[in-house]
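Letter by letter, the chains look like this.
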Amino acid sequence: QEVSDRLASLSALVPGMLYQMRVAPDGSTSVPYASAGISDLFGFTPEQVAEDATAMWQRVDPADAPVAQESMTEAVRSGTRWHQRLRMRNGAGETRWFLTDATTEADPPDGVMLHGLLTDVTDEVEVAEQMRISASVFASTRDGIIIMSPDGTILDVNPGFVALTGYTSDDVRGRTLEILGSGL
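Bear in mind the structure is a predicted one, so any value in this text is a computation, not a measurement. Once a new chain begins, its residue numbering starts again from 1 and follows that chain's sequence as written. Given that the model is predicted, a residue must reach a pLDDT of at least 70 before its local features are reported, and side-chain atom pairs must reach 80 or more before they are shown or counted; all residues, however, enter totals for whole chains, interfaces and linings. Derived side-chain values reflect all non-hydrogen atoms in the structure, with water molecules and hydrogen atoms excluded from consideration.

Right, let's get into the nonpolar core. Counting 27 residues, the largest nonpolar core has Tyr-19, Phe-42, Met-56, Trp-82 and Leu-114 as the members making the most contacts within it. A run of H or I in DSSP becomes a helix once it reaches four residues, and a run of E becomes a strand once it reaches two; helices and strands are each numbered from the N terminus. Mapped onto this core, the elements with two or more residues apiece are strand S1 (17-23), strand S2 (29-34), helix H2 (37-42), helix H4 (54-58), helix H5 (65-78), strand S3 (82-89), strand S4 (95-107) and strand S5 (111-120). Leaving out residues up to four positions away in the same chain, Phe-42 has contacts with Met-56, Arg-59, Met-88, Arg-89, Asn-90, Gly-91, Phe-98 and Leu-118. We call a set of buried Ala, Val, Leu, Ile, Met, Phe, Trp, Tyr and Cys residues a nonpolar core when their side-chain atoms join them within 4.5 Å. Each residue is assigned to one of three classes by its accessible area relative to the maximum for its type, calculated with a 1.4 Å probe on protein chains only: buried under 20%, partly exposed between the two thresholds, exposed over 50%. We call two residues in contact whenever any of their non-hydrogen atoms come within 4.5 Å of each other.

Another aspect to go through is the side chain of Thr-119. Within the secondary structure layout, Thr-119 lies in strand S5. The contacts of Thr-119, once residues within four sequence positions are left out, are Pro-15, Gly-16, Trp-97, Phe-98 and Leu-99.

This next bit is on the sheet that holds S2. Strand pairing follows a simple DSSP-based rule, namely that at least 2 bridges must link the two strands. Read from one edge of the open sheet, five strands run S2-S1-S5-S4-S3, paired in antiparallel fashion. Here the strands that pair on one side only, and so sit at the sheet edges, are S2 and S3. For this sheet, the mean inter-axis angle between neighbouring strands, taken without regard to orientation, is 30°. Summarising the sheet, S4 and S5 pair through 10 bridges and their orientation is antiparallel. Counted as the bridge partner of Ala-102 is Gly-116 from S5. In this description, a line fitted to the C-alpha atoms serves as the axis of each element, helices being fitted only across the stretch in contact, and the angle between N-to-C directions of two axes falls anywhere from 0 to 180 degrees.

The next point concerns the side chain of Asn-158. Following the sequence through the fold, Asn-158 ends up in the loop between strand S7 (154-157) and helix H7 (159-165). Among the polar contacts made by the side chain of Asn-158, one reaches the main-chain carbonyl oxygen of Phe-138 at a distance of 3.1 Å. In contact with Asn-158, not counting residues within four places along its chain, are Phe-138, Thr-141, Asp-143, Gly-144 and Ile-145. Each polar contact in these results corresponds to two N or O atoms within 3.5 Å; when the atoms are within protein, one needs to be able to donate a hydrogen and the other to accept it, and residues that are neighboring in sequence are counted only if both atoms are side-chain atoms.

Count 3.6 residues to each turn of an α-helix, and residues three or four apart come out pointing the same way. Expected span of a helix, by definition, is 1.5 Å for each gap between consecutive residues, and there is one gap fewer than residues. Here helix H6 (residues 122-140) spans 27 Å end to end across 19 residues, near enough to the 27 Å set by a 1.5 Å rise per residue. Looking at the buried positions of H6, the neighbouring elements they touch are S3, S4, S5, strand S6 (146-148), S7 and H7.

Put into structure tokens, the structure is as follows:
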């Protein structure tokens with residue numbers, strides 16, 4: 001009982017949800033253990049998904065479901081780690097990005113047990129997308145853009161800067177803006 005209490009106490013501090021998911025030979029899944037984080041993420045109690053994980057799978061975005069199922073099946077078949085990013089609806093019905101990372105272990109007679117962590121990574125995905133968009137604008141605009149450090153050192157310039165000034169990135173990287181007025 002002490003170990004069980006300690007596990008519950010520790011898992012309550014972990015962001016997301018710790019879980020064990022049993023995959024039977026016929027491909028059906030159950031979740032014999034889900035930490036209390038399942039309630040925060042999806043509004044389910046651990047008991048609601050203990051016998052049948054269908055409710056969890058129904059939260060997976062239809063566009064991501066086949067890939068998630070295929071990657072899980074491959075991890076189970078090969079005995080390798082299951083690492084998958086997918087969209088799911090949370091307890092409020094909002095579509096969010098989640099990352100599952102699980103190890104596999106044989107679960108006789110013929111099943112496999114996944115031991116994993118499911119976390120909401122929506123904020124990280126949105127930041128990465130904003131960075132991708134910013135990089136695209138940086139690279140494609142004809143305006144000259146200079147990225148500098150707080151001390152005034154040029155870190156990078158875009159192709160527009162190169163076209164306007166004739167300086168290459170290598171010419172100015174690591175230098176200060178004084179190079180532009182140097183007469184070179």
